[in-house]
Every structure is written in structure tokens, then in C-alpha cells.
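A look at the structure
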Amino acid sequence: QVQVVESGGGLVQAGGSLRLSCVVSGRSFTNLPMGWFRQAPGKEREFVAAISWGGGGTYYADSVSGRFTISRDNAKNTVYLQMNALKPEDTAVYYCAADRLPRIPQRTLGAYDYWGQGTQVTVSS
């Protein structure tokens, strides 16, 4: 059984930084495209960033491009989301997800098969 566990959320002031981590267990991690999504209160879950299995391809939502960086360490079965210059509108529950198919990382929720429980990120103004 595949498990996806996020950590690293918290409360930060606007302009600050946080780094989220996501550990995958239960199957081979090295060929899985990975993604980060977020869901703010009253809104739909949305794409934030994705990374190819080898880490050479990264993709970002326009709203976070230039501020967030996704990376992975396959030796540790871990994917990261470094978030800089945080804004109050970044406040949301952040979810990590794994795609079981070794393909170009996708931006749609339905493409991902395994999800974590989410970690809360709150940015105060």
C-alpha cells in the first residue's frame, strides 16, 4: 500500500518562507511523477507544482512561478516544495500526490493516484 505523508506546514508572516516535505513509501518512488496541490477554504483544489521522475522537468502554476521551487531526492523517497515570498493568498492546505504512471508530470488532479493527508500553510499579513 502506497503512503504519502506531508510535513512542514505552519504559520508564517507575509514575505517569509517555508519548506514542505513529502515522503512516499510502499512502492518504487524513482519513476513516479510527483505533484503539489493546494486547497483554500471555500475553493477547489488547484495545481501548484509538479516534477518529473528524474527531477529534470519542473512545472508551476503561474501564481507561484518564481517564488516556489519543487525538487526531489530519490534516495530519500522525498519531494520538497520550497516556498519563498509567501503571500496571504498562499494560505491553504497543501497536498502532495504521486502519479503511478511514468509520464510527463500532469497538472490535473485526476492524473494522480496517491494523495497525502495535507499540511496547513497559513500566511499572515
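Up top is the structure.
Residues numbered from 1 in each chain as written. Predicted model: local features only at pLDDT ≥ 70, side-chain atom pairs only at ≥ 80, totals over all residues. Heavy atoms only, no water.

Next up on the list: the side chain of aspartate 99. Mapping aspartate 99 onto the fold places it in the loop between strand 9 (92-98) and strand 10 (114-115). Residue aspartate 99 is classed as buried on the basis of its relative accessible area of 0%. Among the polar contacts listed, one links the side chain of aspartate 99 to the side chain of arginine 103, at a separation of 2.7 Å. Beyond its immediate chain neighbours, meaning those up to four positions away, aspartate 99 contacts Leu32, Pro33, Gln106, Ala111, Tyr112 and Asp113. (Helix = DSSP H or I, 4+ residues; strand = E, 2+ residues; numbered from the N terminus. Buried < 20%, exposed > 50% of the residue type's maximum accessible area, 1.4 Å probe, protein only. Polar contact = N/O pair within 3.5 Å; in protein donor to acceptor, adjacent residues only side chain to side chain. Contact = heavy atoms within 4.5 Å.)

Looking now at the sheet that holds strand 8 (residues 78-83). An order of 1-3-8-7 is seen for the four strands of this open sheet, with the pairing classed as antiparallel. Edge positions in the sheet fall to strand 1 (3-7) and strand 7 (68-73), since each of these pairs with one other strand and no more. Ignoring which end each strand starts from, the neighbouring axes of this sheet average 15 degrees apart. With six bridges connecting them, strand 3 (residues 18-25) and strand 8 associate as antiparallel partners. Bridge pairing in strand 8 links leucine 20 to leucine 81. (Pairing = 2+ DSSP bridges. Axes fitted to C-alpha atoms, helices over the stretch in contact; angles between N-to-C directions.)

Put simply, the largest pocket is a space of about 150 Å³. If you go around the largest pocket, you meet 13 residues; those closest to its centre are Arg38, Ala40, Lys43, Glu46 and Glu89. In terms of residue class, the lining of the largest pocket is made up of two nonpolar, three polar and eight charged. (1 Å grid on protein atoms, 1.4 Å probe; cavity = no way out; pocket = protein on both sides within 12 Å on 5 of 7 lines; lining within 4 Å. Points joined across faces, edges and corners; volume = space filled by probe spheres on them. Nonpolar A, V, L, I, M, F, W, Y, C, P; charged D, E, K, R; others polar.)

Further remarks concern the pairing of strand 7. Here strand 7 shows a buried face lined by Phe68, Ile70 and Arg72 and an unburied face lined by Thr69, Ser71 and Asp73. Note: strand 7 against strand 8, six bridges, orientation antiparallel. Looking at strand 8, one finds that aspartate 73 is bridged to threonine 78. Taking the residues between adjacent antiparallel strands as the criterion, strand 7 and strand 8 are bridged by four residues, where asparagine 77 takes a positive phi near 55 degrees.

This part is about the state of the cysteines. Scanning all chains against the criterion turns up one disulfide. Bridging cysteine 22 to cysteine 96, the disulfide has an S-S length of 2.1 Å. Across the S-S bond of cysteine 22 and cysteine 96 the torsion is about -80 degrees, and the bridge reads as left-handed. With cysteine 22 in strand 3 and cysteine 96 in strand 9, this residue pair connects regions lying 74 residues apart in the sequence. (Disulfide = S-S within 2.5 Å.)

Now for the nonpolar core. Ranked by size, the top nonpolar core spans 36 residues in total, and within it Met34, Trp36, Val79, Leu81, Met83 and Tyr94 carry the most contacts. For this core, the secondary-structure elements that each account for two or more residues are strand 3, strand 4 (34-39), strand 5 (46-51), strand 7, strand 8, strand 9 and strand 11 (119-124). (Core = buried A, V, L, I, M, F, W, Y, C linked by side-chain atoms within 4.5 Å.)

Okay, the pairing of strand 1 next. Because side chains alternate across strand 1, one face comprises the buried residues Val4 and Glu6, and the other comprises Gln3, Val5 and Ser7, none of which is buried. Examined bridge by bridge, strand 1 and strand 3 share five bridges and lie antiparallel to one another. Note that in strand 3 the partner of serine 7 across the bridge is serine 21.

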